[in-house]
Amino acid sequence: MAGEDLHWFITLAELERVGVAAERLHLTQPTLSRMLARLEARLGVRLFDRYGKRLALNDFGRVYYEHARRAQAELDSAARELADLAHPAKGVVRLAFQHSLGARVVPELIAGFRRVSGRITFTLQQDAADIVTDVVLNGSADLGMLSPRPKRPGVGWRPLLRQRLALAVPPDHRLAARRQVRLAEVADAEFIAMHPGFGMRQVLDELCAAADFRPRIGFECSNLGTIAGLVAVGLGVSVVPLEYPLTGGPQPDAALIPLAEPDAVREVGLIWRTGGAPSDAVRRFRDFTVDWAQQRSGGA
């Protein structure tokens, strides 16, 4: 696979339109079409099926695309290693994380790291837990922070924080004054939940299954702050991290009642793609993150 083929082919494979890809690559459409024709002639197979102006990867193209994407990730990794050798104190860390970790956890972590490694910069991406895992596996991010642990091959994992979970209810709810509550006590309630694919949605589904009921979902959203607002005005209940200042979770006017179940915790961890060669900056940040989490747990 020729190195110069990687970038333009990956772009074309993901956009599946010559015109759009050519504009993205700052090429003319005839130039990009000729490049594709030469690549297919060299490989001896067609990589796309043609449907008018639209292209669609065929079986040959999907195989080539997967190899091209992995090769590009390896070349990017090599470039970062060379940059680290040339400039040992510099580097970039591409960190993906769940939305709920963006209010306090990630800012505090990066602030602590920058105090000892100020010349390292960050590229940050927030998304659902499934997407965080995807971008780490495809090489678009070096590390991810999420909960719960992804059950997919090729993912390294290091637990960092264990956060107790609570039931969020409106301030005038019949359970609002309780010191703790079992989830089964609200089995008939309407729940406000994260969208499928988000970590807290998986946690909610697993806790409800353990309590032997299926939650009746009234609202789905992608932000714990929005969930807090919906709960506070009486539109339902939810399960959220009890330590909401650490996660950007519920506002004070939503009553939080610790869940009594011993497994009502969410474990936040760090993930990376196994088998890769992380840059010096990524290794240093990963090591710092583990130490930071241990110190934070010890001081809690």
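The structure this text deals with has already been given above.
Residues numbered from 1 in each chain as written. Predicted model: local features only at pLDDT ≥ 70, side-chain atom pairs only at ≥ 80, totals over all residues. Heavy atoms only, no water.

Chemist: Requested: an account of the packing of helix α2 (residues 18-25) against helix α3 (residues 29-43), with residues and values cited.
Modeler: Look at α2 against α3: their axes get within 9 Å of each other, and the N-to-C directions meet at 105°. By the angle between their directions, the pair α2 and α3 is classed as roughly perpendicular. Here V18, G19, A21, A22 and L25 of α2 come into contact with α3, specifically with Q29, L32 and S33. When the residues that make up the contact of α2 with α3 are grouped by side-chain class, the tally is five nonpolar, three polar and no charged. (Axes fitted to C-alpha atoms, helices over the stretch in contact; angles between N-to-C directions. Helix = DSSP H or I, 4+ residues; strand = E, 2+ residues; numbered from the N terminus. Parallel < 35°, antiparallel > 145°, perpendicular 65-115°, else oblique. Contact = heavy atoms within 4.5 Å. Nonpolar A, V, L, I, M, F, W, Y, C, P; charged D, E, K, R; others polar.)

Chemist: With reference to specific residues and values, describe the side chain of R286.
Modeler: With respect to the helices and strands, the residue R286 is situated in helix α10 (residues 280-299). Buried and unpaired, R286 has D287 as its nearest opposite-charge partner, separated by 5.0 Å. (Buried < 20%, exposed > 50% of the residue type's maximum accessible area, 1.4 Å probe, protein only. Lys, Arg positive; Asp, Glu negative; His and termini not counted. Salt bridge = Lys/Arg side-chain N within 4 Å of Asp/Glu carboxyl O.)

Chemist: Explain the pairing of strand β7 (residues 190-194) residue by residue, including any values.
Modeler: Burial of β7 is extensive: four of the five residues sit out of reach of the surface. Pairing of β7 with strand β8 (residues 216-221) involves five bridges; the strand directions are parallel. When the bridges of β8 are listed, I192 appears paired with F219. Chirality of the crossover, the property in question, places the unit of β7, helix α7 (residues 199-210) and β8 among those that are right-handed. (Pairing = 2+ DSSP bridges. Right-handed = clockwise from strand over helix to strand, strands pointing away.)

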